[in-house]
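Close look at the chain arrangement
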Amino acid sequence: MGKRVHVIKKMAEYGSEGFNWKQQEFKDLLDNLGCDTNGEDYSDQFECLVESFEKALNLIKTYKEKGECDEVKEFLEDVGIDVDDLDYSLRELGDIDDVINTMQYFLKTRDESSEYIMFECW
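In what follows, the accompanying structure is described. Per chain, residues are indexed from 1 in the order of the written sequence. Two thresholds apply to this predicted model, a pLDDT of at least 70 for residue-level local features and 80 or more for giving and counting side-chain atom pairs, whereas whole-chain, interface and lining totals are computed over all residues. Calculation of side-chain values draws on the structure's entire complement of heavy atoms; hydrogens and water are dropped beforehand.

Now for the pattern of salt bridges. By salt bridge we mean one thing: a side-chain nitrogen of Lys or Arg within 4 Å of a carboxyl oxygen of Asp or Glu. Applying the stated rule across the entire model yields 6 salt bridges. The partner of K3 in a salt bridge is D44, with the nearest N and O atoms 3.0 Å apart. In this pair, K3 sits in the segment before β1 (5-10) while D44 sits in the loop between α1 (23-32) and β3 (45-49), placing the two residues 41 residues apart along the sequence. Three labels apply to residues, based on accessible area from a 1.4 Å probe with only protein chains included: buried if under 20% of the type maximum, exposed if over 50%, partly exposed otherwise in between. With relative accessibility at 17%, the residue K3 sits in the buried group. Helix and strand assignments follow DSSP, with helices taken as H or I runs no shorter than four residues and strands as E runs no shorter than two, numbered in order from the N terminus.

Quick look at the packing of aromatic side chains now. To pair, rings of Phe, Tyr and Trp, with the six-membered ring standing in for Trp, must have centres within 6.5 Å; the planes then decide the type, stacked if under 30 degrees apart, edge-to-face if over 60, and tilted in the middle. One pass over the full model with this rule turns up 8 aromatic pairs. Ring centres 6.3 Å apart and planes at 50° place the aromatic pair F26 and F46 in the tilted group. Taken as a pair, F26 in helix α1 and F46 in strand β3 lie far apart in primary sequence, 20 residues in all. By the burial criterion, F26 is buried, and F46 matches it.

A surface patch of like charges, here negative, comprises D70, E74, E77, D78, D82, D84 and D85. Of all the secondary-structure elements, those providing two or more residues to the negative patch are α3 (70-78) and α4 (83-93). Ranked by residues supplied to the negative patch, first place goes to α3 with 4 residues. Relative to the helices and strands, D84 resides in helix α4. To count toward a patch, a residue needs a relative accessible area over 30% and no salt bridge; like charges are then connected within 9 Å, while nonpolar side chains (Val, Leu, Ile, Met, Phe, Trp, Tyr) are connected within 5 Å. Per-residue accessibility takes into account occlusion by the displayed protein chains alone, with areas from the Shrake-Rupley method and a 1.4 Å probe. Within this scheme the basic residues Lys and Arg register as positive and the acidic residues Asp and Glu register as negative, but His and the chain ends are omitted. Throughout, a charge is located at the NZ atom of Lys, the CZ atom of Arg, the CG atom of Asp or the CD atom of Glu.

Attention now moves to unusual backbone geometry. The backbone of W21 shows a phi angle near 55°, a positive value even though the residue is not glycine. Counting through the fold element by element, W21 comes out in the loop between β2 (13-18) and α1. The backbone of Y42 sits at a positive phi, close to 60°, despite the residue not being glycine. Looking at the element boundaries, Y42 is found in the loop between α1 and β3.

When you line up the elements, H6 lands in strand β1. For the pair H6 and D44, spaced 38 residues apart in the sequence, the C-alpha separation amounts to 9.6 Å. Working rule for contacts: check all heavy atoms of both residues, and any pair within 4.5 Å makes them a contact. Those residues in contact with H6, other than ones at most four positions away along the chain, are Y14, S16, E17, M118, F119, E120 and W122.

Okay, the environment of D44 next. For D44, a relative accessible area of 31% translates into the label partly exposed. Considering only alpha carbons, one finds D44 and E77, 33 residues apart in sequence, at a separation of 30 Å. Setting aside chain neighbours within four positions, we find D44 in contact with K3, Q23, F119, E120 and C121. Of the polar contacts made by the side chain of D44, one reaches the side chain of K3; its length is 3.0 Å. Between N or O atoms, a polar contact is any pair within 3.5 Å; within protein, one atom must be a potential hydrogen donor and the other a potential acceptor, and residues adjacent in sequence are included only when both atoms are from side chains.

Right, let's get into helix α5 (residues 96-109). A helix is expected to reach a length of 1.5 Å times the quantity of its residues less one. Taking 1.5 Å of rise per residue, 14 residues should cover 20 Å, and α5 covers 20 Å from first to last C-alpha, within 8% of that figure. Taken together, the buried positions of α5 are V99, I100, T102, M103, F106, L107 and T109. The opening residue of α5 is D95, an N-cap whose side-chain oxygen sits 3.0 Å from the backbone nitrogen of D97.

Below, the structure is given as structure tokens:
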């Protein structure tokens, strides 16, 4: 049994899935990275702009690549991201590589006709 975050590929056609019972943690990560998701806390449906999602994914990749060096910390702080919040969110979701791979797959399997990437959890 589980409850995973699913990306909505088309209405009532689901794409990839991930983050078993971690939908709020995933939503929090996106919000911490500037995605401004809509939907209530602990909602089973939320979305954000694809452009914001791509930026968030790239920030995580950069963070993984360069680590916690002063340059990365400064950059994250300049764009309004608290490094401790980012670390906490990533730890809550598991391995950083799994987070990156899941987010990439979400991006690949989303509804490409929409400017939003939509998620539903069940």
